[in-house]
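This is what each chain is made of:
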Amino acid sequence: MHLDFKYADLLDDLAFKLVFGQESTKNVMIEFLNQVITDRKIVDVEFADKEIHPNIRDRKTSIYDLLCMTDDGSRIIVELQKRKQDSYAERMLYYSMHQILKQVESGASSFDFCPIYVISILNFTLDQNDSIADVKTVYRLLEETHNTLLTDRLTYIFIELPKFKKSAEELTGDVLEGMYFCLKNMSQLQERPIALTHGIFDKIFGISELLVMDEDTRDKIIENMTTERDFKNQLDYARKVAIAEGLAEGKAQGIAQGIAQGIEQGMAQGMAQGMAQGMAQGMAQEKLQIAKNMLAMGLDTETISKATGLSVDEIDNL
């Protein structure tokens, strides 16, 4: 069987859940979470219902990509987002609020709730992080002046894959870097990079290989990947056309402005030259007329030449 791809794109929802979201492969998710979350050690996770229905009518339902419950009661929402969308950070805040309400409304005697983490794996960069080069950013509720933590119960982690620039040859064996690399590049690989020696990558590459998947799953993933590739090609082509059209329009505008400026400058120069020539001719005619008048008065040629600036020959020709 010939396939255009050897490995599945881990940014595809179905492929991501095969690798990170199955009970049989949850050790992959545990390793990933322990690499990303640094303030606690996660021993075990349980995959919970990803669809959250609010108790109030007409409120939005939240459907997470993955929802994990840890052994200490923490909730971890994992979201995968390929394309940029407005108010993404606010959407993550909204998702976390559901988990607060779910805990508090379940009969708790206080407003105490277990820690909530929202991890976003993004194939784009956040506007809020434009000035930050780090692939991973962590947001918490902090006091503005003294940087004091208000609570450790809410943590928002953003992983912006476009900021990860390392090639396969530049990998050092660091597990988190390796996971970033796989998330970003898996569908483009034909073999496993030699630096990815950690045992967790045995499972990641093993599950991601398309030939070992059942036919239905493989067909769905390949269809998604092909559609995504076609979409990207169309988007790249549209960008190239837009750039070319922009350049052509700019060139046309430049030529038009150049012609207009040339005409304007030519007209101005022509008018100036015409006025100068006209004035010069008028002054010459005036001198000749004065000379004629002085001759009629009987003045000698030398006197007339000094008065008008005309040569003696010019006066004799009169």
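### What about the sheet that holds strand S5 (residues 75-81)?
Thinking step 1. The strand order across the open sheet formed by 6 strands is S1-S4-S5-S6-S8-S7, and the pairing between neighbours is mixed. Only two strands of the sheet have a single partner each, and these edge strands are strand S1 (45-47) and strand S7 (136-142). Along the sheet, successive strands turn relative to each other by an average axial angle of 20 degrees, direction set aside.
Thinking step 2. Note that S5 and strand S6 (residues 116-122) share 7 bridges and pair parallel. Note that in S6 the partner of Val78 across the bridge is Ile119.

### Regarding the pattern of salt bridges
Thinking step 1. Under the criterion given, the structure shown has 14 salt bridges.
Thinking step 2. Between Glu23 and Lys26 there is a salt bridge, with the nearest N and O atoms lying 3.0 Å from each other.
Thinking step 3. Where Arg40 meets Asp72, a salt bridge forms, and the shortest distance between an N and an O atom there is 2.8 Å. Within this pair, whereas Arg40 is found in the loop between helix H2 (26-36) and S1, its partner Asp72 is found in the loop between strand S4 (66-70) and S5, the two being separated by 32 residues in sequence.
Thinking step 4. A relative accessible area of 39% places Asp72 in the partly exposed class.

### Observations regarding the pairing of S7
Thinking step 1. With 6 bridges connecting them, S7 and strand S8 (residues 149-160) associate as antiparallel partners. Counterpart to Leu141 in the pairing with S8 is Thr151.

### Here we look at a negative patch on the surface
Thinking step 1. Judged by side-chain charge, Asp214, Glu215, Asp216, Asp219 and Glu223 come together as a negatively charged surface patch.
Thinking step 2. On the secondary structure map, Asp219 appears in helix H6 (residues 215-296).

### Examining the side chain of Thr70
Thinking step 1. One can find Thr70 in strand S4.
Thinking step 2. Here Thr70 falls in the buried class, since its relative accessible area comes to 9%.
Thinking step 3. Here Asp72 takes part through its side chain, which lies 2.3 Å from a polar atom of the side chain of Thr70.

### Some thoughts on the pairing of S5
Thinking step 1. By the criterion of burial, S5 is predominantly enclosed, with 7 of the 7 residues buried.
Thinking step 2. Judged from the 4 bridges that link them, S4 and S5 form a sheet pairing that is antiparallel. If you follow Leu67 over to S5, its bridge partner there is Ile77.
Thinking step 3. Two successive antiparallel strands, S4 and S5, enclose a turn made up of 4 residues, where Gly73 displays a positive phi of approximately 95 degrees.

### With respect to helix H1 (residues 13-20)
Every α-helix carries 3.6 residues per turn, so stepping three or four residues along brings you back to the same face.
Thinking step 1. Buried within H1 are the following residues: Ala15, Phe16, Leu18, Val19 and Phe20.
Thinking step 2. Measuring from the backbone nitrogen of Leu14 back to the side-chain oxygen at the start of H1 gives 3.1 Å, which picks out Asp12 as the cap.

### A look at helix H5 (residues 200-208)
Thinking step 1. Looking only at H5, the buried set comprises Ile200, Phe201, Ile204, Phe205, Ile207 and Ser208.
Thinking step 2. Contacts made by the buried residues of H5 are with H1, H2 and helix H4 (175-185).

### Examining the packing of H4 against H5
Thinking step 1. Where H4 meets H5, the closest approach of the two axes is 11 Å, and the angle between their N-to-C directions is 10 degrees. Judged by the angle between their axes, H4 and H5 are roughly parallel. Counted together, Val175, Gly178, Met179 and Cys182 of H4 and Ile200, Phe201, Ile204 and Phe205 of H5 form the full contact between these two elements.
Thinking step 2. Partitioned by chemical class, the residues of the contact of H4 with H5 number 7 nonpolar, 1 polar and no charged.

### A look at the nonpolar core
Thinking step 1. Phe20, Phe32, Ile121 and Ile159 are the most contacted members of the largest nonpolar core, which totals 55 residues.
Thinking step 2. When residues in this core are grouped by element, the largest group, 7 residues, is from H4.
Thinking step 3. When near neighbours in sequence (up to four residues on either side) are disregarded, Phe20 contacts Leu10, Thr25, Val28, Met29, Phe32, Phe47, Leu66 and Leu183.
Thinking step 4. Core analysis: the next-biggest nonpolar cluster, separate from the first, contains 17 residues, Tyr64, Leu67, Tyr156 and Phe158 among them.

### A look at unusual backbone geometry
Thinking step 1. A positive phi angle, near 60 degrees, is found at Ser87, a position not held by glycine.
Thinking step 2. Along the chain, Ser87 turns up in the loop between S5 and helix H3 (88-104).
Thinking step 3. Overall, the relative accessible area of 48% leaves Ser87 in the partly exposed class.
Thinking step 4. Within the chain, Asn147 stands out as a residue other than glycine whose phi angle is a positive 60 degrees.
Thinking step 5. You can see Asn147 is positioned in the loop between S7 and S8.

Basis of the calculations
Residues numbered from 1 in each chain as written. Predicted model: local features only at pLDDT ≥ 70, side-chain atom pairs only at ≥ 80, totals over all residues. Heavy atoms only, no water. Pairing = 2+ DSSP bridges. Helix = DSSP H or I, 4+ residues; strand = E, 2+ residues; numbered from the N terminus. Axes fitted to C-alpha atoms, helices over the stretch in contact; angles between N-to-C directions. Salt bridge = Lys/Arg side-chain N within 4 Å of Asp/Glu carboxyl O. Buried < 20%, exposed > 50% of the residue type's maximum accessible area, 1.4 Å probe, protein only. Patch = residues over 30% accessible without salt bridge, like charges linked within 9 Å, V, L, I, M, F, W, Y side chains within 5 Å. Areas by Shrake-Rupley, 256 points an atom, 1.4 Å probe, with all protein chains shown as cover. Lys, Arg positive; Asp, Glu negative; His and termini not counted. Charge placed at Lys NZ, Arg CZ, Asp CG, Glu CD. Polar contact = N/O pair within 3.5 Å; in protein donor to acceptor, adjacent residues only side chain to side chain. Contact = heavy atoms within 4.5 Å. Parallel < 35°, antiparallel > 145°, perpendicular 65-115°, else oblique. Nonpolar A, V, L, I, M, F, W, Y, C, P; charged D, E, K, R; others polar. Core = buried A, V, L, I, M, F, W, Y, C linked by side-chain atoms within 4.5 Å.

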